[in-house]
Structure formats: structure tokens, C-alpha cells
Amino acid sequence: MRVLLAATDAEPFLPLIQALSDEGLDAWALGDLVGLMDPVDPSRIMGGPPDLFLLAGAPAAVLQAAVEGIRKCPQLRTKLILVYQPDADLNERGRIMAAGADDCQARVVPEALLVARVRALLRRAPPPAALAASADATSLSWGRLTLDLVHRRAAPAGGELEPTRLQFDAMVALVRA
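Residues numbered from 1 in each chain as written. Predicted model: local features only at pLDDT ≥ 70, side-chain atom pairs only at ≥ 80, totals over all residues. Heavy atoms only, no water.

1. Observations regarding the side chain of glutamine 85
Next, step 1: Note that glutamine 85 resides in the loop between β4 (80-84) and α3 (90-99).
Next, step 2: Note on glutamine 85: relative accessible area 8%, which makes it buried.
Next, step 3: In this structure the side chain of glutamine 85 is engaged in a polar contact, spanning 2.5 Å, whose partner is the backbone oxygen of alanine 58.
Next, step 4: When residues no more than four places from it in sequence are discounted, the contact partners of glutamine 85 are Ala58, Pro59, Ala60, Leu63, Gln105 and Ala106. (Helix = DSSP H or I, 4+ residues; strand = E, 2+ residues; numbered from the N terminus. Buried < 20%, exposed > 50% of the residue type's maximum accessible area, 1.4 Å probe, protein only. Polar contact = N/O pair within 3.5 Å; in protein donor to acceptor, adjacent residues only side chain to side chain. Contact = heavy atoms within 4.5 Å.)

This is how it looks when you write it as C-alpha cells:
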């Protein structure tokens, strides 16, 4: 799953990016939160759009405008948005959520809790288009895992697994679910 952290200054959030990467997520930072305020052009996002936008490090009004910019783009309308704004009061949080954010963390929390919130939101993410493979497909992909249905092999990024028949069937069922 891909996570894009967008902030006016991404440097303070680099440890969070590392923690998300350590959890197996494809996470990267963008230091241009203002660029998300216009309708977002998905082709400008390197490697394709993320599954979750994590917006942080800006005044509530800028975060709200960024949420609105993401929601204006048809290709990104279904993507998840988590806003991290420890300084936001109740009214600002309400406006951010009304603009289309899926969650708004409005207090300082440990990094591990923020990673857990990202994970919880990603569990609700719609399945990638790759999961909608037809029944006659010869391979399935999910994240960094590729399943060769003909040779019954599983290949995670950087290696190959030799699953038992039961393990392979379980992986196929989970990827197709």
C-alpha cells in the first residue's frame, strides 16, 4: 500500500515516513502541500496515486483546501485522507472532516499510534485494480507480492517463497478477496 505524506515542510515527518516504511508500506514525503490545493493531477504523482494521503504541518485552512483539492480529482476521490493537525480546534476539525477527510488526528500522539491509525484506515481501502483480475489470469499481484498461478510460486519483493499447497491456496484466496 502506498502512503503519501504531504506537508509544507516534510523534514520533521521523515521519522514517521521511516516508521511507515518499516511496517512494509511504500511511504514517501512531498514538501508541497500547497500544490494539492488545486485539483490534483494524478499524473504528477510519481509511481501513481497513493492509497492514503497523510496531510500535516500546515494551518487548518491550508489542510482543508488540500483535502478539497484531492476530492476534486475524479481519480483520487476514493483515496483515503488522514489529516494530522495537533493545533486544530473543534471547529477546524469539523471543517476538515466536512471537506472530505476520512480522519483528523487533532492532538500530539506517539509515532506508533499514528502508524496504527494509518494501518486502520488502509484496512478500509478499496482493493487495487490488480485484485480484480479475471479468473483466467496466470498471475496475481498485491502490493509487493506476486503469485504465479501456473507454477504455484509466490514472489515477494526481493525473494521467492515455496509455500505448501494449502498456504498457496490461502494466499490466492486472500489476494482475490
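Read on, since the account is not over.
2. A closer look at the pattern of salt bridges
Next, step 1: Within the structure shown, the criterion is met by six salt bridges.
Next, step 2: We note a salt bridge from arginine 119 to glutamate 23, for which the minimum N-O separation is 3.6 Å. Of the two residues, arginine 119 sits in helix α4 (residues 111-122) while glutamate 23 sits in the loop between α1 (14-22) and β2 (26-30), which places them 96 residues apart along the sequence.
Next, step 3: For arginine 119, a relative accessible area of 28% translates into the label partly exposed.
Next, step 4: Aspartate 169 is paired through a salt bridge with arginine 152; the nearest N and O atoms lie 2.7 Å apart. Of this pair, aspartate 169 sits in helix α5 (residues 165-176) while arginine 152 is found in the loop between β7 (145-148) and β8 (153-155), placing the two residues 17 residues apart along the sequence. (Salt bridge = Lys/Arg side-chain N within 4 Å of Asp/Glu carboxyl O.)

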